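The chain contents come next:
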Amino acid sequence: MRSLSIRICVAVIGLALVAWAHPKSGEVGDADEGVFALRPETARVAALGFDALVADYHWLQAVQLVGRDQRVQPRQTASIARLIETVTLLDPWVDHPYRFATLFLTDSAERVEQGNRLMERGIAYHPRDWRNRFYLSFNHFFYLGDEALAAEVLEPAVDLPGAPQYLGRLLARLRSHSGGLEAAAAYLEELLRDAPDEWARAEYEKALDEIETERRARFLDQARDVFRERNGRDIAELDELVRGPERVLRSLPPEPHGWEWALDEKGRIVSSYYGRRYQLNLHERDRERRQRFQEQLATQQEKSDG
């Protein structure tokens, strides 16, 4: 008992000394003002064997930092990144801090990639938690615009314990961008064969129905391209594809549900049953952010190559 007390006292004194020396040593760096965060590379030495205790201290600081203001500022994300890096280095078996990082490290492409690296560490230590793969997949898709990598990351999560049934449909949609509709359909058909219950079967059948509708809509897109090439203009209505001397089709393919094909407000060919195309939809603001992040990554790559 006495030995334990001595060790705790030593740890507290050590932590206090590090805190005192912290401003003088430049340890804070780009961290938020008033936040004490050990550099990850020195954290283990400074912890004096009390890795979990010091990790908890940094984790509490991260939580308090987020709760301090309604909106996290860029300077604060620098602190969050360092705090969570230190937490997960000292105690890599923690769980929630990994997902916490991906939620708040989103103000730039660099921060998103930091969050992704932390989540990859989380997956390494918690390989059977589907949520970690889901969060990492979301970052690759939503912030960085890499559907192929998002699908690759998400695929193993579908069969993990507790994974929701909608992951299969989400994966199929991601693959409809990166691997084509046929890859998405093949994956869904495999899921359908192994569906654990009728509810899951209905979900997968619905996704396959959407894919079939999209397949026919894309056939009409191809016919529309031919029409443009032949006539030097776009169609004003769908019937132009099948009537008059300028037609390119004998008839329109049947809409799978007995409804009609139509042009939506953006001029896209859609099924009147769904009223949309089969794709993951993003708000225009999110598209602009994704484009900005991709440009940031391209610039960073150019600098590293140069």
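Just so it is clear, the structure is predicted and the values come from calculations on it, not from any experiment. (Residues numbered from 1 in each chain as written. Predicted model: local features only at pLDDT ≥ 70, side-chain atom pairs only at ≥ 80, totals over all residues. Heavy atoms only, no water.)

A few words now on the overall build of the chain. The helix and strand tally for the chain stands at 12 helices and 2 strands. Listing each helix as α and each strand as β along the chain from the N terminus yields α-α-α-α-α-α-α-α-α-α-α-β-β-α. Per-residue burial over the chain gives 43% buried out of 306 residues. Long-range pairs, those at least 24 residues apart, make up 58% of the contacts in the chain with a sequence separation of at least 6. Summed over all atoms, the accessible surface of the chain reaches about 16900 Å², with 52% contributed by carbon and sulfur. (Helix = DSSP H or I, 4+ residues; strand = E, 2+ residues; numbered from the N terminus. Buried < 20%, exposed > 50% of the residue type's maximum accessible area, 1.4 Å probe, protein only. Contact = heavy atoms within 4.5 Å. Areas by Shrake-Rupley, 256 points an atom, 1.4 Å probe, with all protein chains shown as cover.)

Pairing is possible between side chains that carry opposite charge, provided their charged atoms lie close to one another. According to the stated counting rule, one finds 26 salt bridges in the structure shown. In this structure, R99 engages D95 in a salt bridge whose closest nitrogen and oxygen atoms are separated by 2.9 Å. A relative accessible area of 5% means that R99 is categorised as buried. Residue D95 is classed as partly exposed on the basis of its relative accessible area of 27%. Among the ionic pairs, R290 bridges to E147, the shortest N-O distance being 3.3 Å. Of this pair, R290 sits in helix α12 (residues 284-305) while E147 sits in helix α8 (residues 147-154), placing them 143 residues apart in sequence. Across the pair, E147 and R290 agree in class, each one buried. Ionic contacts of the salt-bridge type, sharing partners, join the residues R169, R173, E203, E210 and R276 into one network. (Salt bridge = Lys/Arg side-chain N within 4 Å of Asp/Glu carboxyl O.)

What follows covers the packing of aromatic side chains. Counted by the stated rule, this structure contains 12 aromatic pairs. For the ring pair W93 and Y125, a centre distance of 4.8 Å and an interplane angle of 85° mean the geometry is edge-to-face. Taken together, the positions of W93 in the loop between α4 (74-90) and α5 (96-104) and Y125 in helix α6 (residues 109-125) put the pair 32 residues apart, joining distant regions of the chain. Classification of W93 by relative accessible area gives exposed; the value is 58%. (Phe/Tyr/Trp six-rings, centres within 6.5 Å; stacked < 30°, edge-to-face > 60°.)

Attention shifts here to the environment of R287. Among the secondary structure elements, R287 is positioned in helix α12. Overall, the relative accessible area of 35% leaves R287 in the partly exposed class. Along the backbone, R287 and L144 are 143 residues apart, and their C-alpha atoms lie at a distance of 10.0 Å.

Here we take up the nonpolar core. For soluble globular proteins, the rule of thumb is that nonpolar side chains tend to be buried together. Counting residues in hydrophobic clusters, the biggest one holds 35 residues, and the most contacted among them are F141, L167, L174, L188, Y204 and I211. When residues of this core are traced back to their parent elements, those giving at least two are α6, α7 (130-143), α8, α9 (166-178), α10 (180-193) and α11 (198-231). A total of 7 residues in this core trace back to one element, the largest contributor, which is α10. Apart from the residues lying within four places of it in its own chain, the contact partners of L174 are S137, F141, E147, A150, A151, L154 and L280. Ranked by size, the runner-up nonpolar core spans 22 residues in total, among them A55, A62, L105 and I123. (Core = buried A, V, L, I, M, F, W, Y, C linked by side-chain atoms within 4.5 Å.)

As a further point, take the packing of α5 against α6. Look at α5 against α6: their axes get within 9 Å of each other, and the N-to-C directions meet at 160°. Classed by the angle they form, the pair α5 and α6 counts as roughly antiparallel. Regarding α5 and α6, the two cross each other, and that crossing is left-handed. Two secondary-structure elements touch here, α5 through Y98, R99, A101 and T102 and α6 through G115, L118, M119, R121, G122 and Y125. Within the contact of α5 with α6, the residues separate by chemical class into 5 nonpolar, 3 polar and 2 charged. (Axes fitted to C-alpha atoms, helices over the stretch in contact; angles between N-to-C directions. Parallel < 35°, antiparallel > 145°, perpendicular 65-115°, else oblique. Left-handed = near helix turned anticlockwise from the far one by under 90°. Nonpolar A, V, L, I, M, F, W, Y, C, P; charged D, E, K, R; others polar.)

Right, let's talk about the confidence of the model for the chain for a bit. Here the chain averages 83 in pLDDT, and 82% of its residues register 70 or above. Across the chain, element-level confidence peaks in strand β2 (residues 269-271) with a mean pLDDT of 97 and bottoms out in helix α1 (residues 2-25) with 47. Within the model, pLDDT remains below 50 along residues 17-31, and this stretch shows 26 contacts once partners closer than five positions in the same chain are excluded. (pLDDT = per-residue confidence, 0-100.)

Here we take up the packing of α6 against α7. One way to put it is that α6 packs onto α7 with a least axis distance of 9 Å and a crossing angle of 155°. It follows that α6 is roughly antiparallel to α7 by the angle criterion. Here α6 and α7 pass one another in a crossing that is left-handed. Of the residues in α7, those touching α6 at V112, N116, M119, E120, G122 and I123 are N132, R133, Y135, L136, N139, H140 and Y143. Residue classes in the contact of α6 with α7 are distributed as 6 nonpolar, 5 polar and 2 charged.

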